[in-house]
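Okay, here's what each chain looks like letter by letter:
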Amino acid sequence: MKVVFSGGGTGGHIYPALATIEAWRKQDATLDVLYIGGERGLEKEIVPATGIPFEHVAIQGFVRALSVENAKTVYLFLQATRKARKLLKAYQPDVVVGTGGYVSGPVLYAAQLLKIPTVIHEQNSVVGVTNKFLAHKVTKVGVAFPDALQAFKPGIATIVGNPRAQQVVAGEQQAPFDFAALGLQADVPTVLIFGGSQGAPKINSAVTDAITVLNNQSYQVIFVTGKKRYSAVLEQLTTQAIEVANNVAVVPYIENMPALMPNVDLVIGRAGATSIAEQTALGKAMILIPSPYVTNDHQTKNARSLVQAGAAEMITEDSLTGTTLAGTIDSLMKNQQKRQAMETASAQLGVRDAADEFINLIKTAL
């Protein structure tokens with residue numbers, strides 16, 4: 001079978017595609033894949049490093065205000081569609097799969113013009129602009145959140161979860177995480193706090209202010225600052241003369257997050273689609289601090305879906321302080337019954353074999 005994947009701009013669109021390809025190749029070693037991404041997106045570096053054949057088109061997103069940039073965007077879209085048609089005609093795929101981002105727009109639109117079956121995946125509870133555009137002629141749709149179903153025509157959308165989650169679930173089979181390397185213990189309830197690979201300044205500042213409360217508790221805390229933010233956090237700790245007790249580890253980065261995640265009891269971070277998919281697949285209780293700087297405020301809507309399901313608590317960024325964060329952590333870590341109820345609700349939302357589910361959906365489009 002020959003399949004084209006397209007998605008990019010951010011890891012949230014790239015990694016679900018790569019997770020699907022990885023799982024599909026385990027099922028079928030003869031699978032023939034081509035990835036078409038943007039010429040400036042992260043996928044241009046990430047995808048070729050996996051050995052997957054890669055082609056690119058030039059594309060950019062629309063700006064919300066009236067602007068000459070939008071005229072350029074239309075021009076680039078038409079040019080990208082033209083190039084994508086040539087690539088698809090040469091490759092002759094059985095199906096074209098889009099995982100979001102502006103680049104998937106012209107690629108899947110070109111496939112639709114050529115009458116090639118198309119499948120899209122929507123990771124968020126709020127459907128993105130590109131997927132809304134493609135939905136008019138798409139063959140099948142996979143979604144991660146039930147809230148997204150209503151945006152599509154009846155019968156074409158199915159809840160499949162986020163394929164990235166299946167890779168994280170595989171971490172349960174890895175060797176136990178080395179807590180001792182962080183100066184911590186493997187048999188103590190653990191809180192994991194992280195604001196994404198780059199770190200989030202507002203979260204880091206609140207955690208730093210909360211450390212005096214988190215010190216010397218019956219639970220332990222792993223505070224991942226992000227590599228670029230680590231020195232700033234250390235400087236804040238020094239400036240404010242904040243001591244860090246033995247039950248708190250402040251680190252810039254966790255090399256093997258899939259091995260750590262199954263072994264923590266509470267996860268605190270942003271409400272991006274990929275993070276939520278990973279945590280619900282593992283059935284983790286969460287405190288979500290959605291970023292207010294994303295398109296359509298979709299992280300807040302993602303977080304609300306989990307709060308309503310009983311799987312998470314939410315702290316908005318404008319109400320985030322060391323006091324509110326420490327109080328929420330402490331109340332959950334000292335109430336095992338409530339935390340376990342959140343874990344049960346989280347697991348009910350998660351799809352552990354999401355990549356396989358999405359592959360099965362793609363096959364129904366043929």
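Reference entry: report on the structure contained in this document. (Residues numbered from 1 in each chain as written. Predicted model: local features only at pLDDT ≥ 70, side-chain atom pairs only at ≥ 80, totals over all residues. Heavy atoms only, no water.)

**Details of the overall build of the chain**
Item 1. Helix and strand counts for the chain come out as 14 helices and 13 strands.
Item 2. Scaling as 2.2 N^0.38, a compact globule of 366 residues should have a C-alpha radius of gyration of about 21 Å, and the chain matches this with 21 Å.
Item 3. Across its three principal directions, the C-alpha atoms of the chain cover 65 × 45 × 35 Å.
Item 4. Pairs at least 24 residues apart make up 67% of the contacts formed inside the chain by residues separated by at least 6 positions. (Helix = DSSP H or I, 4+ residues; strand = E, 2+ residues; numbered from the N terminus. Rg over C-alpha atoms; globule rule 2.2 N^0.38 Å. Contact = heavy atoms within 4.5 Å.)

**A look at the pattern of salt bridges**
Oppositely charged side chains may form a pair once their charged atoms are brought near each other.
Item 1. Using the criterion set out here, one finds five salt bridges in the structure.
Item 2. A salt bridge links Arg164 to Glu278; the shortest N-O distance between them is 3.0 Å. Pair noted here: Arg164 is in helix H6 (residues 164-169) and Glu278 is in helix H10 (residues 273-281), with a separation of 114 residues, a long-range link.
Item 3. Judged by relative accessible area, Arg164 falls into the partly exposed class, the value being 22%.
Item 4. With relative accessibility at 10%, the residue Glu278 sits in the buried group.
Item 5. Between Lys338 and Glu313 there is a salt bridge; the shortest N-O distance is 2.7 Å. Of this pair, Lys338 sits in helix H13 (residues 336-349) while Glu313 sits in strand E13 (residues 312-314), and the two are 25 residues apart along the sequence. (Salt bridge = Lys/Arg side-chain N within 4 Å of Asp/Glu carboxyl O. Buried < 20%, exposed > 50% of the residue type's maximum accessible area, 1.4 Å probe, protein only.)

**Things to note about the pairing of strand E10 (residues 248-251)**
Item 1. Alternating residues of E10 divide into Val248 and Val250 and Ala249 and Val251, and every residue in both groups is buried.
Item 2. In the sheet, strand E9 (residues 220-224) pairs with E10 via four bridges, with the strands oriented parallel. Residue pairing for E10: Val221 is matched across the bridge by Val248. (Pairing = 2+ DSSP bridges.)

**Some words on the packing of helix H7 (residues 201-214) against helix H12 (residues 322-333)**
Item 1. With their axes 8 Å apart at the nearest point, H7 and H12 run at an angle of 50° to one another. Classed by the angle they form, the pair H7 and H12 counts as oblique. In the packing of H7 onto H12, the handedness of the crossing is right-handed. From H7, Ala206, Val207, Asp209, Ala210, Val213 and Leu214 reach across to H12, where they touch Gly322, Leu325, Ala326 and Ile329.
Item 2. Split by residue class, the contact of H7 with H12 holds eight nonpolar, one polar and one charged. (Axes fitted to C-alpha atoms, helices over the stretch in contact; angles between N-to-C directions. Parallel < 35°, antiparallel > 145°, perpendicular 65-115°, else oblique. Left-handed = near helix turned anticlockwise from the far one by under 90°. Nonpolar A, V, L, I, M, F, W, Y, C, P; charged D, E, K, R; others polar.)

**Some words on the sheet that holds strand E11 (residues 266-269)**
Item 1. Strand order across the open sheet formed by six strands is E10-E9-E8-E11-E12-E13, with parallel pairing between neighbours. The strands lining the two open edges of the sheet, one partner per strand, are E10 and E13. Adjacent strand axes in the sheet meet at a mean angle of 15° when their direction is disregarded.
Item 2. Bridge analysis of strand E8 (residues 190-194) against E9 gives five bridges, and the strand direction is parallel. Pairing of Ile193 across the sheet is with Phe223, part of E9.
Item 3. Most of the contacts of helix H11 (residues 298-309) go to E13, to which it runs at about 135°, and overall it touches strand E12 (285-288) and E13.
Item 4. The strands touched by H12 within the sheet are E8, E11, E12 and E13, with E11 carrying the most contacts at an inclination of about 165°.

**A look at the packing of aromatic side chains**
Item 1. For the structure shown, the criterion picks out five aromatic pairs.
Item 2. Ring centres 5.8 Å apart and planes at 40° place the aromatic pair Phe77 and Tyr109 in the tilted group. Placement of Phe77 in helix H3 (residues 68-91) and of Tyr109 in helix H4 (residues 104-113) is noted, with a sequence separation of 32 residues between them.
Item 3. Taking the relative accessible area as the measure of exposure, Tyr109 reaches 26% and is therefore partly exposed.
Item 4. Ring geometry for Phe77 versus Phe133: centroids 5.8 Å apart, planes at 85°, classification edge-to-face. Remark: Phe133 occurs in helix H5 (residues 129-134) and Phe77 occurs in helix H3; sequence separation between them is 56 residues.
Item 5. The exposure class assigned to Phe133 is partly exposed, which follows from its relative accessible area of 38%. (Phe/Tyr/Trp six-rings, centres within 6.5 Å; stacked < 30°, edge-to-face > 60°.)

**Things to note about the sheet that holds strand E4 (residues 95-98)**
Remark on secondary structure: sheet strands pair via backbone hydrogen bonds, oriented parallel or antiparallel.
Item 1. One open sheet holds the seven strands; their spatial order is E3-E2-E1-E4-E5-E6-E7, and the pairing between them is parallel. The sheet is open, and its two edges are formed by strand E3 (54-57) and strand E7 (157-159), each paired on a single side. Strand-to-strand twist across the sheet, computed as the mean angle between neighbouring axes with direction ignored, equals 20°.
Item 2. Summarising the sheet, strand E6 (residues 140-143) and E7 pair through three bridges and their orientation is parallel. Looking at the pairing, Gly142 lines up with Thr158 of E7.
Item 3. On the sheet, H4 packs against strand E1 (2-6), strand E2 (32-38), E4 and strand E5 (118-122) and is oriented at approximately 155° with respect to E4.
Item 4. Packed on one face of the sheet, helix H14 (residues 354-364) meets E4, E5, E6 and E7 and runs near 170° to E6.

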